[in-house]
Amino acid sequence: MKLDQLKLSIKEVPFKKSLSFAPLINKLRALKEQQGKINVQGESILKLVQDKPELASKDFDVDLVEKYKEEIHVLMGYFFTPFQYQEQIGFVASPFEDKNFYYTPKYQELYENENLTIELVEQKDQDKCFKTFSMLFYAYSIVLKKYYNFDLGIGYLFLYKITDKLNDLVKYYKLEFDKSCIDISHTGKLPQVSEEQLYKMINDPVNMDFWLETLPLNKFKFSGFIPYRYIDVSQIEVISSLKSQLLEKSSIINRNNFNLLEQNVRSLLELPNLKLGIMALVMHQGNVVNPSDFWHGFLDADKFKCEDYQDSIYEDAVMQGGPVLINDLSKKENLKKIEKALLDEGIRNLAVIPLYSYKELVGVIELGSNKANDISFSKLRIIKDIIPVFSIAIQRSSEELQNKIEAIIKEECTAIHPSVEWRFAKAASNLLFKKGSGESSRMEEIVFPNVFPLYGAVDVRHSSVIRNQTIQDDLLEQLDLVQNVLVKVNEIKAMPIYDQLIYKIDYFKNGIMKGLSSGDEMNVLNFIRQDVETLFPHFEENGEEVKQTIKKYKQNINRELNLVYKRRKDFEDSLGMINDCVTSYLEQEEEKAQSMFPHYFEKYRTDGVEHNIYIGESIANNLNFDRIYLKNLRLWQLIVSAEMARKTDALKKSLPIPMDTTGLILVHSQPLAIRFRQDEKKFDVDGAYNIRYEIVKKRIDKAKIKGTDERLTQPGMLAIIFSQEKEMAEYQRYLEYLIAAGYFEDKIEYHTLEDLQGVYGLRAIRVKVKNGKEEKDVLKLAKELKIEN
């Protein structure tokens, strides 16, 4: 939650509050009356209050805390056992007060340690404002629960980052509070708040002024005390930070970014002496190779060859397909050349972890320390979940470096479409001539003026919705499977902790069924892996039935991803099959279409397939261009679009998840220029006026019919968007031909589109694709249809 979004005009909370131990005392008395007896701590508290009844005052004077210091310690023993008092970071304060009147030794040590820096995460500059906001939020959670039977369901708002100045290790703590000893009262009539108003408040959580206006708190009084605990969430927060870092561009190429990554790994494993190394080492025909020259290893790549890593711990890790750990390199016998060099560099403790992407080795991680036995397998288990992200990062970085290397080798050249090879060859020839003459050796700009664009797209309908649904389905199945394990264990040997874990699973399931939010997947998987799967060895001691339930769980888990990956795999497979079908057919027909007249063609895959075509005399070397070729290509595009719609519809019943596709064509009759961008190694539309064409392309996929909420693009239909009347007339003639040829139903729809951002006056034709069993020769049909110039 960002403070720059908070709306809070008050500096202090508006409600009354007082310190009182009465809520705890009354709670114990009621418990004893109900059960007949309570635990020893409770009895000692009631005995203490009997001797000193002033402790049960509804308004205990804060100034008397020091006087009753020992008695208060006994009272707080109900929340902090002797062990917890010594080991936990905790304190107790009056309701919604900054100052505390009781704290544990660890809390005192934390705030008295000059070597530690303590700060609220993301709230460095406005701690006071955020604290007031948080107190109000917590207060509302109590008021709404008691008086309006409405549960806010808040987690925690305070997250502290604690940095050790001596070694830069970082720990994170969330602040949890116990509201069981708070009594609320109010004067006058209870404010009336409708359900609609409550949801308006919930939907605008940062606008605390609106909350205070809707449900004023000035008539409420909070009496009692609040125990707080600092809960260590370092592992969750650092892992999250590492994943974010690794997914950033140049996360492991840039040295500063890499140093930050190394420091986070140190904090995660709590090893200040740890060193991190990452290398793109792979096996090729039995040899260790570095295909991309990506290297952040412990040893200088210039001093050691790839073959030096053979027959060493590195090759052992690659061959075993898992981590290899050497507790003390100085005690290892028969050290290889590379291992001796590591020891000379001060590395005694070493772990090597292979990295894979789609079962293909992409590199290795090095973890090293100058202290023997510093790294253990239990430490390696902590980073297990982020190893796949390291794999993605190293693969992406390797590809990025490889692209740069190829760019340097080729200098100004690139992989180019055959239709424009001649122009690049001419430019390269000119460049060589200039170099030979001692002139400026920069490659000339490559521009193709006066070309006509054609754009088309096949899009998978509701792909984002389906993708989210498959994630939900997989998460729910995994939660059901893990819940079956807990239920079975609980049947055999009931324990309260099992009930709590089952409750947590139900909580996650209910949340997921309502809708998937950002972070839900990671929260669920972290819970399963850290809170449940780690108990499986213990569970298996409860007999064969439990073992079989755990076995069933594991059988449904994808080994590589360590999660249920069924519906998501079905979705990716379905999307891949659609894209493969469309791409294969489009490439096949486009290759034939080049015989009409040479033209530039490119395609790219998203949740569907889009293609761009540019045709004109400047592209066709030594050939005269006539608009008849443009018309033929437009007709060809219509036929191909109809055939692609038929093919994807026929494919639908074979897909793991049936998905519909939509077809779209954009018509642009004005010629434009395309320029080869040296920095991006691709063609782009050139000139400010022509940029509008690119803007229209990016926005039309979500275009709606004017005056309705209906999307123009619909399954089984082809939409053709244009802005000029003559374009409509031209395409109307084409469609009349194709309706007669059996490609479309005999009904042409005419629509005006809603204005898009920066785009106005678009119109569209829409036709329904007719089912056709016999595939026709697209090129032959396009040529046979007589089109007037």
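Residues numbered from 1 in each chain as written. Predicted model: local features only at pLDDT ≥ 70, side-chain atom pairs only at ≥ 80, totals over all residues. Heavy atoms only, no water.

Undergrad: For the packing of aromatic side chains, give the residues involved together with the corresponding values.
TA: This model, assessed by the stated rule, comprises 38 aromatic pairs. Aromatic pair Phe150 and Tyr199: ring centres 5.6 Å apart, planes at 80 degrees, arrangement edge-to-face. One end of the pair, Phe150, is in the loop between α6 (127–147) and β5 (159–164); the other, Tyr199, is in helix α7 (residues 195–203), and 49 residues separate them in sequence. By relative accessible area, Tyr199 is classed as partly exposed at 42%. An angle of 25 degrees between the planes, with centres 6.0 Å apart, marks the rings of Phe452 and Phe625 as stacked. Note that Phe452 is positioned in strand β17 (residues 447–460) and Phe625 in the loop between β19 (608–615) and α22 (627–651), a separation of 173 residues in sequence. The two residues Phe452 and Phe625 agree in class, both being buried. Ring pairs connect the aromatic residues Phe91, Tyr103, Tyr107, Tyr111, Tyr138, Tyr160, Tyr173, Phe177, Tyr228 and Tyr230, which therefore count as one cluster. The ring of Phe80 has Arg229 sitting right over it, with the charged end atom 4.4 Å from the ring centre. (Phe/Tyr/Trp six-rings, centres within 6.5 Å; stacked < 30°, edge-to-face > 60°. Helix = DSSP H or I, 4+ residues; strand = E, 2+ residues; numbered from the N terminus. Buried < 20%, exposed > 50% of the residue type's maximum accessible area, 1.4 Å probe, protein only. Lys NZ or Arg CZ within 6 Å of the ring centre and 35° of its normal.)

Undergrad: Break down the packing of helix α9 (residues 234–247) against helix α10 (residues 255–269) for me, with residues and values.
TA: Across the interface, α9 lies against α10 with an axial gap of 10 Å and an inter-helix angle of 160 degrees. The pairing of α9 with α10 is recorded here as roughly antiparallel in orientation. As α9 packs across α10, the resulting crossing turns out to be left-handed. Across the interface between the two elements, Gln235, Val238, Ile239, Ser241, Leu242, Gln245 and Leu246 of α9 pack against Asn257, Leu260, Leu261, Asn264, Val265 and Leu268 of α10. Of the residues that constitute the contact of α9 with α10, the class distribution is 8 nonpolar, 5 polar and no charged. (Axes fitted to C-alpha atoms, helices over the stretch in contact; angles between N-to-C directions. Parallel < 35°, antiparallel > 145°, perpendicular 65-115°, else oblique. Left-handed = near helix turned anticlockwise from the far one by under 90°. Contact = heavy atoms within 4.5 Å. Nonpolar A, V, L, I, M, F, W, Y, C, P; charged D, E, K, R; others polar.)

Undergrad: Tell me what's going on with the environment of Gly297, and back it up with residues and numbers.
TA: Relative to the helices and strands, Gly297 resides in the loop between β13 (295–296) and α11 (313–320). Given the relative accessible area of 22%, Gly297 is considered partly exposed. When the C-alpha atoms of Gly297 and Gly277 are compared, they prove to be 4.5 Å apart, with 20 residues separating the residues in sequence. In this structure Gly297 touches Ile278, Met279 and Glu366, once residues within four positions along its chain are discounted.

Undergrad: Talk me through the nonpolar core; I want residue IDs and the actual numbers.
TA: Nonpolar side chains in soluble globular proteins tend to be buried together. Core analysis: the biggest nonpolar cluster contains 46 residues, and Phe96, Tyr140, Met208, Leu217 and Phe222 have the highest contact counts within it. Per element, the largest residue contribution to this core is 11 residues, and it comes from α6. Excluding residues that lie within four positions of it along the chain, Met208 makes contacts with Lys7, Leu8, Phe133, Leu136, Phe137 and Tyr140. Counting residues in each nonpolar core, the second largest holds 35 residues, with Val238, Leu367, Ile386 and Ile387 among its members. (Core = buried A, V, L, I, M, F, W, Y, C linked by side-chain atoms within 4.5 Å.)

Undergrad: I'd like a description of the side chain of Glu694, backed by residues and values.
TA: Assignment of secondary structure puts Glu694 in helix α23 (residues 691–699). Beyond its immediate sequence surroundings of up to four residues, Glu694 is in contact with Tyr614 and Val685.

Undergrad: Summarise α22; cite the residues concerned and give the values.
TA: The terminal C-alpha atoms of α22 lie 36 Å apart, and with 25 residues this matches the ideal 36 Å at 1.5 Å per residue to within 8%. Burial analysis of α22 places 18 of its 25 residues in the buried class, the great majority of the element. The N-cap of α22, judged by a side-chain oxygen 2.9 Å from the amide nitrogen of Ile628 a few residues on, is Asp626. (Expected span 1.5 Å × (residues − 1). Polar contact = N/O pair within 3.5 Å; in protein donor to acceptor, adjacent residues only side chain to side chain.)

Undergrad: Could you give me a rundown of the sheet that holds strand β8 (residues 220–224), with the residues and numbers involved?
TA: Spatial strand order, β1-β8-β7: 3 strands in an open sheet with mixed pairing. Two strands close off the open sheet at either side, each with one partner strand: β1 (16–19) and β7 (182–186). Recorded for the sheet is a direction-independent mean angle of 20 degrees between the axes of neighbouring strands. In this structure, β1 lies alongside β8, joined through 4 bridges in parallel fashion. (Pairing = 2+ DSSP bridges.)

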